[in-house]
Amino acid sequence: MNDTVICIVCPVSCPVEVDWSEDEGINSIQGHLCRLAHDFIQSEIFDPKRMLTTSMPVDDGDWPLVSVKSDPAIPKAMMLEVMDAVIGLRTEAPVRVGDVLIENILDTGCNIVATRNVKRVKA
Ligand code: SF4
């Protein structure tokens, strides 16, 4: 099977021609500018994942929202399901970068972690 997959590892966004099959895996790739494409194409064809980024309301913080991300990336097919699970949840200040706000969301093996600090402003 032949597909064109855009490598999104860096902003160059190389269009990569991929010859692959379920049985044999990746036979060949062409059009990539560097070797970083190999692992990405392998994952993109057989187990695509994406980093989910969003924000979550914070109670009693110096900011009303804290930015969050999935760690590690989640299966691409579960992006909307995971987003639905995050919407409506709140957390409480203080929050520190790297804090796990939701552990193993939807049994994906991925956590939702804070990507900024939010200080507590109320006693
Ligand atoms: S193949 Fe290399 S240069 Fe091209 S998008 Fe991927 S990482 Fe960037």
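How each quantity is defined
Residues numbered from 1 in each chain as written. Predicted model: local features only at pLDDT ≥ 70, side-chain atom pairs only at ≥ 80, totals over all residues. Helix = DSSP H or I, 4+ residues; strand = E, 2+ residues; numbered from the N terminus. Buried ≥ 20, exposed ≤ 12 C-beta atoms within 10 Å, placed from the backbone. Contact = placed C-beta atoms within 7 Å. Pairing = 2+ DSSP bridges. Axes fitted to C-alpha atoms, helices over the stretch in contact; angles between N-to-C directions. Near = placed C-beta within 6 Å. Nonpolar A, V, L, I, M, F, W, Y, C, P; charged D, E, K, R; others polar. Domains from an automatic or database assignment.

Considering the overall build of the protein chain
A count of helical and extended segments in the protein chain gives two helices and ten strands. Listed N to C, the secondary structure of the protein chain is β-β-β-α-β-β-β-β-α-β-β-β in terms of helices and strands. Structurally, the protein chain occupies a C-alpha span of about 60 × 30 × 15 Å along its principal axes. Looking at the protein chain as a whole, 21% of its 123 residues are labelled buried. Once local pairs closer than 6 in sequence are excluded, the contacts in the protein chain between residues at least 24 apart make up 48%.

A word on the sheet that holds strand S2 (residues 15-21)
What holds strands together in a sheet is hydrogen bonding between their backbones, with the strands either parallel or antiparallel. The strand order across the open sheet formed by three strands is S1-S2-S3, and the pairing between neighbours is antiparallel. Only two strands of the sheet have a single neighbouring strand rather than two, namely strand S1 (2-6) and strand S3 (25-30). Ignoring which end each strand starts from, the neighbouring axes of this sheet average 35° apart. As paired strands, S2 and S3 are joined by five bridges and run antiparallel to one another.

Description of the site of the ligand
Taken together, Cys7, Val9, Cys10, Val12, Ser13, Cys14, His32, Leu33, Cys34, Leu36 and Ala37 form the complete shell of residues around the ligand. Residues that form the shell around the ligand fall into these classes: nine nonpolar, two polar and no charged.

Focus on the sheet that holds strand S10 (residues 111-114)
Taken together, the five strands give an open sheet; going across it, the order is S8-S5-S6-S10-S9, and neighbouring strands pair in mixed fashion. Either end of the sheet is taken by a strand with one partner, and the two such strands are strand S8 (91-92) and strand S9 (100-102). By the bridge criterion, four bridges tie strand S6 (residues 65-71) to S10 in an arrangement that is antiparallel. Bridging across to S10, Asp71 finds its partner in Asn111.

Examining the domain arrangement of the protein chain
For the protein chain, the assigned domains are domain 1 (2-47) and domain 2 (53-114). On a C-alpha basis, the centroid separation for the pair domain 1 and domain 2 is 30 Å.

Some thoughts on unusual backbone geometry
For the peptide bond that leads from Asp71 to Pro72, omega is 0°, which places it in the cis range. If you trace the backbone, Pro72 turns up in the loop between S6 and strand S7 (74-75). Here Ala93 and Pro94 are connected by a cis peptide whose omega angle stands at 5°. Of note, Pro94 is situated in the loop between S8 and S9. At Ser13, a residue that is not glycine, the phi angle is positive and equals roughly 55°. Inspection of the secondary structure assignment puts Ser13 in the loop between S1 and S2.

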